[in-house]
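Fold and contact review
If you want the building blocks of each chain, they are given just below.
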Amino acid sequence: MSLSRHFPVISTRPFAACLFGGLLALAPVAQAEEAGNARWVSDSLNTYVRSGPTDGYRIVGTLSSGQKVELLRSQGDYSQVRAENGNAVWIPSRDLQAVPGQAERLPQLEQQVAELSAELKGIDDAWKARVQGMQETLDSRKQLIDELQAARSALDSELTTARAELRDAQAQLGEEQQQVLMRYMVYGGGIAGAGLLLGLILPTMLRVKRKRNDQWF
């Protein structure tokens, strides 16, 4: 307990200040129940303390905001508390709170901020590694697809060339077949003509030969 007014100045790092409001909701509820009779002076003010449980008792000093005290008993709108120096004084019950003040909670909040930041960094690093792995897999698959497309293009080109060669070969074969057929036709016609001519000439020659033979006798 101090006899002079004292307003503590709380200094926070910018990052901790940004997350302070959110982390207040994360402060463990167990703090509100620790030690059972532990209380803290409200953060919003420095309060006068009296020698008795009513406004009629004289002021014997002040308690600083956020200061820890031990609750001894309550009577009406006042509570008797024991300060760190061992003195038992009376303070309005509305000026007490069941959780530590900001000055006491700040190191814990800063530690939570650091832990959350480390956890977020770990999550971010893990996600980056996963994304990198997915990107590498995607790149390898894309490369494989490009290679397959190139191979398919080459096969398509070879197929087109083979089809063109097949058409040329079929056309050439058709021409050769026609030439062979014409040769067969000419050859067959010649043989047929020779046979016909021989069929016409041979009987005549035989008749002439018989006549000559008949004249000798």
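Residues numbered from 1 in each chain as written. Predicted model: local features only at pLDDT ≥ 70, side-chain atom pairs only at ≥ 80, totals over all residues. Heavy atoms only, no water.

Section: the pairing of strand β5 (residues 78-82)
Stated precisely, the cut-off is as follows: Only protein chains enter the accessibility calculation, which uses a 1.4 Å probe. A residue is then buried if its area is under 20% of the maximum for its type, exposed if over 50%, and partly exposed in between. Under the DSSP-based scheme used, a helix requires at least four consecutive residues in state H or I and a strand at least two consecutive residues in state E, with every element numbered from the N terminus. The rule for pairing is simple: two strands pair if DSSP sees at least two bridges between them.
Here β5 lies mainly inside the structure; four of its five residues are buried. Bridge count between strand β4 (residues 68-75) and β5: five bridges; the pairing is antiparallel. Bridging across to β5, Ser74 finds its partner in Ser79. In sequence, β4 turns back onto β5 through a hairpin of two residues, with Gly76 there showing a positive phi of about 65°. Sheet topology note: the β5/strand β6 (residues 88-92) ladder contains five bridges and is antiparallel. If you follow Ser79 over to β6, its bridge partner there is Ile91. Where β5 hands over to β6, the hairpin turn is made up of five residues, of which Gly86 adopts a positive phi near 95°.

Side note on the pattern of salt bridges
Stated precisely, the cut-off is as follows: By salt bridge we mean one thing: a side-chain nitrogen of Lys or Arg within 4 Å of a carboxyl oxygen of Asp or Glu.
Per the stated rule, a full pass over the model turns up four salt bridges. Between Glu70 and Arg82 there is a salt bridge, and its shortest N-O distance comes to 3.9 Å. On the criterion of sequence distance, the pair formed by Glu70 in strand β4 and Arg82 in strand β5 is long-range, its members being 12 residues apart. Under the relative-accessibility criterion, Glu70 is labelled partly exposed at 37%. Across the pair Arg152 and Asp156 runs a salt bridge whose closest N-O atoms are separated by 3.9 Å. Of this pair, Arg152 and Asp156 both sit in helix α2 (residues 102-216), four residues apart, which is roughly one turn of the helix.

Some remarks on the environment of Ile59
As a reminder of what qualifies: Contacts are residue-level and defined by heavy atoms, with any inter-residue pair within 4.5 Å sufficient.
Within the secondary structure layout, Ile59 lies in strand β3 (residues 59-63). Not counting chain neighbours up to four residues away, the residues in contact with Ile59 comprise Tyr48, Val49 and Arg50.

Comments concerning a nonpolar patch on the surface
In plain terms, the rule: Residues form patches when they are more than 30% accessible in relative terms and have no salt bridge. Like charges link within 9 Å. Nonpolar side chains (Val, Leu, Ile, Met, Phe, Trp, Tyr) link within 5 Å. To measure how exposed things are, a 1.4 Å probe is used in the Shrake-Rupley method; for residues, cover is taken only from the protein chains shown.
A surface patch of nonpolar side chains, amounting to about 520 Å² of accessible area, comprises Leu196, Leu197, Leu200, Ile201 and Met205. Looking at the secondary structure, you find Leu196 in helix α2. Judged by its relative accessible area of 56%, Leu196 is exposed.

Brief notes about the nonpolar core
Heads up, the condition is: Buried Ala, Val, Leu, Ile, Met, Phe, Trp, Tyr and Cys residues form a nonpolar core when they are joined through side-chain atoms within 4.5 Å.
Counting nine residues, the largest nonpolar core is built from Val49, Leu63, Val69, Leu71, Val81, Ala83, Val89, Ile91 and Leu96. Of all the secondary-structure elements, those providing two or more residues to this core are β4 and β6.

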